[in-house]
Amino acid sequence: MKDTGVITGVRVTHSTGSVDDVAAASTREPAAVLGTLAATDGVEEAFVLQTCNRAEAYVVTGDAGAGRAALAEYGADASDEARVEMGHEESLEHLLRVASGLDSLVLGEDQVLGQVRDALETAQQVGTVADVLEDAVLKAVHVGERARTETDVNEGVVSLGSAAAERVAAERELEGATALVVGAGEMGLLAARALADRGVGRLVVANRTVANAEHVVDELDVPTEPVPLSAVDTVLSRVDVVLSATSSDDLVVGASALADAGDVTVVDLAQPRDVDPAAGDIQSVTVYDLDALEDVTEETRENRREAAEAVERIVDAELANLLEQFKRQRADEVIAAMYESAERMKAREVETALSKLDLDDEEAAVVESMADALVSQLLSAPTKSLRDAAAEDDWSTINTALQLFDPEFDADGMPAAVAAMLANDDDAGANESPLGAFTDDD
């Protein structure tokens, strides 16, 4: 039987807080966060997505209150305004919007879809996702793929690296300039490509592992020089532009080295920051961080407004399908529990009847078959009614039906998720989901 617990989420993103808020929320590696969440009482599943402009965590629990308690410490170091709690439906919708690029700093950017896939793979390796979150994230990936194949939402500027290059190009002439890219990961490669496309004369790529820097060099058609990360300070004196995008926990571009570098434009794409914030006080140095890319990304958003509206429609339709899927699963679990109760009652009564009759095996089989048929026919109509009630979020009707079929039902082997639903029903209205699974105001 599928698990049908409720999802609760917490997010700190570029749209709710600053780059420092996101950095404060991402103080630990995702695998470590997953391990901690999975070990928390009541948590059945966990998923974490941490990138340069978002820190998000999701759990599956028996009820929303347990989910909020499990996530109480996640993102707690960010400002109160930046930290957003999400209920079941909001969590699902947000995951779909993230993967589709609607919630990205650069609308429609492609990199986030790979980051969602990577985060799911990490959770699968750690063993913290199962039916609920795995279905939700896979649906989000599917929506992201549809958004990019069925609309033009990712035409033009499609990464933070290209947005950074646009920002620098608006500041200074790039034709023939020398640029330093710090970091040879995916973001660094995208930034290097964007700078090369805009006509820089020479690129220097610095990375902790020089072999990875050489890989970036092989991707570009402009003169490019790979150097170790330790050489950054010495390289600064001969570059015009710096784009930094490492995963280092420490600063890698110092203010003192930039002070001697002359007229330099710096874009810090890292989270936590790569560039010493004090560099912004140097008169000859212009420093931009993720928060400073808003004007470029807003222009992109305006240009893609029509495509974004098409993606919104895809998200709305897919979200409705996903919510309907979860409702069916919830109804099926309640129905299965009802059948289990009826089966126990049938088995008990058949055993009693057979003990009082002198029947051979064939005759006993007829009695058992008749009992099976009676149970099936008696529960057929209620089963349809229960599925209809679940579709309408009418969990009070489901509770009443269960009590009518077996007043002591919840005392004898009820699945945990069903027990949670009925336990919460005392506080829910007649047409409200007691889990808060389809409303966010519990």
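Residues numbered from 1 in each chain as written. Predicted model: local features only at pLDDT ≥ 70, side-chain atom pairs only at ≥ 80, totals over all residues. Heavy atoms only, no water.

Colleague: Whenever I open this one, the packing of helix 7 (residues 160-171) against helix 8 (residues 186-197) confuses me. Can you help?
Modeller: In a pair of packed helices, the angle between the axes and the distance between the axes together describe the arrangement. Running from amino to carboxyl end, helix 7 crosses helix 8 at an angle of 40 degrees, the nearest separation of the two axes being 7 Å. Looking at the two axes, helix 7 sits oblique to helix 8. Crossing of helix 7 against helix 8: the hand is right-handed. Contact residues: L160, G161, S162 and A165 in helix 7; M187, L190, A191, A194 and L195 in helix 8. Taken together, the residues of the contact of helix 7 with helix 8 sort by class into 7 nonpolar, 2 polar and no charged. (Axes fitted to C-alpha atoms, helices over the stretch in contact; angles between N-to-C directions. Helix = DSSP H or I, 4+ residues; strand = E, 2+ residues; numbered from the N terminus. Parallel < 35°, antiparallel > 145°, perpendicular 65-115°, else oblique. Left-handed = near helix turned anticlockwise from the far one by under 90°. Contact = heavy atoms within 4.5 Å. Nonpolar A, V, L, I, M, F, W, Y, C, P; charged D, E, K, R; others polar.)

Colleague: Looking at this model, I keep getting lost on the packing of aromatic side chains. Mind explaining?
Modeller: Aromatic ring pairs are reported here in terms of the distance separating the ring centres and the angle at which the planes meet. In total, this model carries 1 aromatic pair according to the counting rule given. Plain terms: the ring middles of F47 and Y58 are 6.1 Å apart, the flat faces sit at 35 degrees to each other, and that makes the pair tilted. Of this pair, F47 sits in strand 2 (residues 45-51) while Y58 sits in strand 3 (residues 54-61), and the two are 11 residues apart along the sequence. Overall, the relative accessible area of 0% leaves Y58 in the buried class. (Phe/Tyr/Trp six-rings, centres within 6.5 Å; stacked < 30°, edge-to-face > 60°. Buried < 20%, exposed > 50% of the residue type's maximum accessible area, 1.4 Å probe, protein only.)

Colleague: Please explain the pairing of strand 1 (residues 6-13) as it appears in this structure.
Modeller: On a regular strand, one side chain projects to one face of the sheet and the next to the other, so that they alternate. A large share of strand 1 lies buried, amounting to 8 of its 8 residues. The sheet contact formed by strand 1 and strand 3 spans 8 bridges and is antiparallel. Residue pairing across strands places V12 opposite A55, the latter belonging to strand 3. (Pairing = 2+ DSSP bridges.)

Colleague: I tried to follow helix 14 (residues 361-391) on my own but got confused; where do I start?
Modeller: The α-helix advances 3.6 residues per turn, and as a result positions three or four apart in sequence lie on the same side. For helix 14, spanning 31 residues, the distance from its first C-alpha to its last is 44 Å, which sits close to the expected 45 Å at 1.5 Å a residue. At S380, helix 14 shows its largest bend, some 35 degrees, and a proline, P382, comes one to four positions later. Considered for burial, the residues of helix 14 that qualify are A364, A371, V375, L379, P382, T383, L386, A389 and A390. Capping the start of helix 14 is the job of one residue whose side-chain oxygen sits 3.2 Å from the backbone nitrogen of E362: D360. Trailing helix 14 by a residue or two, D393 shows a phi angle of about 60 degrees, which is positive. (Expected span 1.5 Å × (residues − 1). Bend = angle between axes of the 7 residues up to and from the residue. Polar contact = N/O pair within 3.5 Å; in protein donor to acceptor, adjacent residues only side chain to side chain.)

Colleague: Would you mind going over the pattern of salt bridges with me for this structure?
Modeller: Any two side chains of opposite charge can pair, on the condition that their charged atoms come close. What the rule picks out here adds up to 20 salt bridges. The partner of E225 in a salt bridge is R202, with the nearest N and O atoms 3.5 Å apart. Here R202 lies in strand 6 (residues 202-207) and E225 lies in strand 7 (residues 224-228), a separation of 23 residues in the sequence. For E225, a relative accessible area of 21% translates into the label partly exposed. Salt bridges sharing partners connect three or more residues here, namely K139, R146, E150 and E318. (Salt bridge = Lys/Arg side-chain N within 4 Å of Asp/Glu carboxyl O.)

Colleague: Explain the sheet that holds strand 9 (residues 264-268) here, please?
Modeller: Strands pair in a sheet through their backbones, by hydrogen bonds, and they do so in one of two ways: parallel or antiparallel. The 6 strands lie next to each other as 7-6-5-8-9-10, forming an open sheet whose pairing is parallel. In the strand order of this sheet, the two ends are held by strand 7 and strand 10 (285-288), each with one partner. For this sheet, the mean angle separating the axes of adjacent strands, direction not counted, is 15 degrees. Of the strands in this sheet, strand 5 (178-182), strand 6 and strand 8 (241-244) touch helix 8, which is tilted by about 170 degrees from strand 5. Against the sheet, helix 9 (residues 210-219) makes contact with strand 6 and strand 7, and its axis sits at roughly 165 degrees relative to strand 7, the strand it touches most.

Colleague: Even after reading the chapter, I still don't get the nonpolar core, so can you show me in this structure?
Modeller: Nonpolar side chains tend to gather and get buried jointly when the protein is soluble and globular. Counting residues in each nonpolar core, the largest one holds 57 residues, and the members touching the most others are I7, L37, F47, Y74, L92 and V116. Sorting elements by how many residues they give to this core places helix 13 (residues 305-356) first, with 9 residues. Here Y74 is in contact with V10, A25, V33, V48, Q50, A55, E56, A57 and R83, once residues within four sequence places are set aside. If you look at the next biggest cluster of nonpolar residues, it comprises 36 residues, including A164, V222, L269 and V296. (Core = buried A, V, L, I, M, F, W, Y, C linked by side-chain atoms within 4.5 Å.)

Colleague: Got a minute to help me understand the pairing of strand 6 in this structure?
Modeller: In terms of residue burial, strand 6 counts as a mostly covered element, since 5 of its 6 residues are buried. Bridge count between strand 5 and strand 6: 5 bridges; the pairing is parallel. Within strand 6, the position partnered with V182 by the bridge is A206. In this structure, strand 6 lies alongside strand 7, joined through 5 bridges in parallel fashion. Looking across to strand 7, one finds that N207 is bridged to P228. As a crossover connection, the stretch from strand 6 through helix 9 into strand 7 is right-handed. (Right-handed = clockwise from strand over helix to strand, strands pointing away.)

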